[in-house]
Amino acid sequence: MDYTTKIANQVFHHLFINAAGVYCQTFEELEQIQNAPCAGAVITKSATAKERSGNSEPRYFENSVEHNTINSMGLPNLGIDYYLNYVLKHSLKLPTLFSIVGLCQKEIIDNLKKLQASDFSGLTELNLSYPNVSGKPQIAYDFAATREILDNVFAFYSKPLGVKLPPYFDIAHFDQIAAILNDYPLAYVNAINSVGNGLVIDPETDTVMIKPKDGFGGLGGKQIKATALANVRALRQRLHPQIKIIATGGVTNGRNVYDHLLCGADLVSVGSQLGIEGPTVFARLEKELEEIFADKGITDLRQVRGKLKLIA
Ligand SMILES: O=C(O)c1[nH]c(=O)[nH]c(=O)c1I
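Reading the values: rules and limits
- Residues numbered from 1 in each chain as written.
- Predicted model: local features only at pLDDT ≥ 70, side-chain atom pairs only at ≥ 80, totals over all residues.
- Heavy atoms only, no water.
- Axes fitted to C-alpha atoms, helices over the stretch in contact; angles between N-to-C directions.
- Helix = DSSP H or I, 4+ residues; strand = E, 2+ residues; numbered from the N terminus.
- Parallel < 35°, antiparallel > 145°, perpendicular 65-115°, else oblique.
- Left-handed = near helix turned anticlockwise from the far one by under 90°.
- Contact = heavy atoms within 4.5 Å.
- Nonpolar A, V, L, I, M, F, W, Y, C, P; charged D, E, K, R; others polar.
- Buried < 20%, exposed > 50% of the residue type's maximum accessible area, 1.4 Å probe, protein only.
- Polar contact = N/O pair within 3.5 Å; in protein donor to acceptor, adjacent residues only side chain to side chain.
- Phe/Tyr/Trp six-rings, centres within 6.5 Å; stacked < 30°, edge-to-face > 60°.
- Near = heavy atom within 4 Å.
- Areas by Shrake-Rupley, 256 points an atom, 1.4 Å probe, with all protein chains shown as cover.

With that out of the way, let us pick up the packing of helix H6 (residues 225–238) against helix H7 (residues 254–263). Look at H6 against H7: their axes get within 8 Å of each other, and the N-to-C directions meet at 25°. Between H6 and H7, the interaxial angle falls into the category roughly parallel. As H6 runs across H7, the sense of the crossing is right-handed. Facing Lys-225, Ala-228, Leu-229, Val-232, Arg-233 and Arg-236 of H6, the residues of H7 in contact are Asn-256, Asp-259, His-260 and Cys-263. A breakdown of the residues in the contact of H6 with H7 according to their chemical character gives 4 nonpolar, 2 polar and 4 charged.

A few words on H7. Of all 10 residues in H7, 9 are buried, a share of seventy percent or more. Where H7 is concerned, the buried positions are Gly-254, Asn-256, Val-257, Tyr-258, Asp-259, His-260, Leu-261, Leu-262 and Cys-263. Positive backbone phi, approximately 120°, marks Gly-264, located one or two places after H7.

Turning our eyes to something else, we now look at the side chain of Thr-96. With respect to the secondary-structure elements, Thr-96 resides in strand S7 (residues 96–100). Polar contacts involving the side chain of Thr-96 include one to the side chain of Gln-34, which spans 2.9 Å. Here the side chain of Thr-96 touches Leu-94 through a polar contact of 2.9 Å, landing on its backbone oxygen. When neighbours within four sequence positions are excluded, Thr-96 is seen to be in contact with Gln-34, Val-42, Tyr-86, Val-87, Phe-120 and Leu-123.

As enumerated under the stated definition, the model contains 10 aromatic pairs in all. An angle of 75° between the planes, with centres 5.1 Å apart, marks the rings of Tyr-82 and Tyr-83 as edge-to-face. When the centroid spacing of 5.6 Å and the interplanar angle of 70° are considered together, the rings of Tyr-141 and Tyr-168 count as edge-to-face. Here Tyr-141, found in the loop between strand S8 (124–127) and helix H4 (143–154), pairs with Tyr-168, found in the loop between strand S9 (161–165) and helix H5 (171–181); they are 27 residues apart in sequence, far enough to count as distant. Overall, the relative accessible area of 40% leaves Tyr-141 in the partly exposed class. Put simply, the rings of Phe-27, Tyr-82, Tyr-83 and Tyr-86 pair up and form one aromatic cluster.

Not every one of the 13 residues close to the ligand is listed here, only the nearest: Asn-71, Leu-75, Asn-127, Asn-193 and Ser-194. Here an oxygen atom of the ligand sits 2.9 Å away from a polar atom, N or O, in the main chain of Leu-75. A total of 320 Å² of accessible area belongs to the ligand in isolation, and the protein chains cover 91% of it. Its residues placed into classes, the shell around the ligand shows 5 nonpolar, 7 polar and 1 charged.

Shown next, in the form of structure tokens:
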């Protein structure tokens, strides 16, 4: 299958990218994704202006039997300069996306000003849905704040930009966020981030699984697949066609990838299952996807993308 996909000035030859936050904290992890068979792109951990150690541990739990995760990492990262050094210093094998975040609007703007002034020419992903910094609502759940930030960003930022969105659960919210995003020259949206503030209990000890926020954390893996598919589908139906979609959420096998394509995904990102299985996951997913294509006699992605059928 020819997976060639373009987003802004970047050409991808495979569908898969790591989800920001997974396998992308250090040079070593980033290089493992660069060199992973069937990986199409790499994205950095969402970077803040300064290095952060993040929340206290345990802050991540994976149930590898059920393919589910919960995390309240608290934005640990090595700081924007570290990741800028990576994307500028290395002859990178794959298109490498830069994930940016900020604890306040000023930090977001300052980070993007630094990127704008740098020689970085790839895609930037503005994370509007950093769920685990306590006391901070997700920007993307505050529609006025979302519009304000995008106004301020696009007043100066001229490099290709995407936004990472949290899941929405209300049709009116799909309408509202899409109406906002359609007002800006976005290269893409990445939907969805983890499903916020879930709770997982240890049956042995009647105790929460993670320490921060009394056990509340962002959910990932199989348990969020239906929500992820709905968000990809709803955004595809509403956004201008030139705004591409990176689909994230619930991908553990080839059929899930296929379903995200049916809902309109241009690329597919893998988070929890990458963390559980490691970078060989991309080759397994591509193999399973090609088996589905063979069964259905599909030879071109245009026969799948956005082709979800409804009941007449
Ligand atoms: O806690 C985190 O670091 C984190 N965790 C997530 O599940 N999504 C995010 O965007 C982030 I910035």
